[in-house]
Amino acid sequence: IFNGFDQGVEFKGGRSYIVRFNEDVAGKMDDIRRDLSQAFGAAPTMKTIGGNNQLEITTSYRIEDHGENVGREVQAKLQEGLARHLPAGLSYEDFEKSHIMGRNTVFPTISEKIKDDAKWATFWSLLVIALYIFIRFRDWRFSLGTIVALLHDVLVTFAVFSFLRNVVPFPLELDQHFIAAILTVIGFSMNDTVIVFDRIREYARKMVGAPQTTIINRAINDTLSRTIMTSLTVFLTLLILFIFGGDVTRGFAFAMLIGVVTGTYSS
């Protein structure tokens, strides 16, 4: 909380441009992103749209400024960052006329609504899971244990994104990909937790009179190999996605890698 976060354009606002190129640029997105990062001072979000020669580029550069010429200055920075991938000697007017297919602006007031929706999505997912656990096991202690474990998974992921945001060589932003990763981590951890709880309930019925620590210890040991093998398989898959998936999916894969590790030992 005190170290702060890097927020994506969905959460702090931004300007989106649909730019058409004279060639296929789908394989050059990492190069284009690096060039734009130098121009804007921060990495934009990018995706192909309507073909491999068109990109939707979204940046939060000067989003809080509302002067008359701010939009023109941002577009000029966009052209500067794309200069290596556009025809030589292209004027600002020709760039706007021939290569800008559309533009859109999301101001911070709109992004606050998106941020609130993300918070509520996380809250309701935790609440519904707690309710499901209570109905299934008929014991509020199972629900409480689940919520504590899942909150732990979420908070550790947030903490890592905060403390490593200026350390790792790739962007760690809180955006819609991050929220998708958090909700996926909650589901993954929840699945493993239910398996452990089922074994605890089973042994509680068989080992009547045994200390709770003995019952829980045996249940955890019996499910440990399955937990580790399942998590290791998912971890290796995510690691491949993290290494070879490119900059767009790297933040999502990194959040999932953290979540798989924390979800494994918390459950």
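The structure contained in this document is the topic of the report that follows.

What counts, and at which threshold
- Residues numbered from 1 in each chain as written.
- Predicted model: local features only at pLDDT ≥ 70, side-chain atom pairs only at ≥ 80, totals over all residues.
- Heavy atoms only, no water.
- Helix = DSSP H or I, 4+ residues; strand = E, 2+ residues; numbered from the N terminus.
- Polar contact = N/O pair within 3.5 Å; in protein donor to acceptor, adjacent residues only side chain to side chain.
- Salt bridge = Lys/Arg side-chain N within 4 Å of Asp/Glu carboxyl O.
- Buried < 20%, exposed > 50% of the residue type's maximum accessible area, 1.4 Å probe, protein only.
- Expected span 1.5 Å × (residues − 1).

1. Regarding the environment of Arg-84
Here is step 1: The residue Arg-84 is located in the loop between α3 (70–81) and α4 (92–98) in this model.
Here is step 2: Note: C-alpha distance between Arg-84 and Asp-35 (49 residues apart in sequence) is 8.5 Å.
Here is step 3: At a separation of 2.9 Å, a polar atom in the side chain of Arg-84 contacts the side chain of Asp-35.

2. Points about the pattern of salt bridges
Here is step 1: Inspection of every chain in the model, using the stated rule, returns 13 salt bridges.
Here is step 2: Across the salt bridge formed by Asp-198 and Arg-136, the nearest N and O atoms sit 2.6 Å from each other. A residue pair is termed long-range when its members are at least 10 positions apart, and Asp-198 in helix α7 (residues 176–206) and Arg-136 in helix α5 (residues 108–137) qualify at 62 residues.
Here is step 3: The class of Asp-198 is partly exposed, set by a relative accessible area of 22%.

3. Thoughts on helix α6 (residues 140–163)
Here is step 1: Taking 1.5 Å per residue, 24 residues should reach 34 Å; α6 reaches 34 Å between its end C-alpha atoms and fits that length.
Here is step 2: All buried positions along α6 are accounted for by Phe-142, Ser-143, Thr-146, Ile-147, Ala-149, Leu-150, Asp-153, Val-154, Thr-157, Phe-161 and Ser-162.

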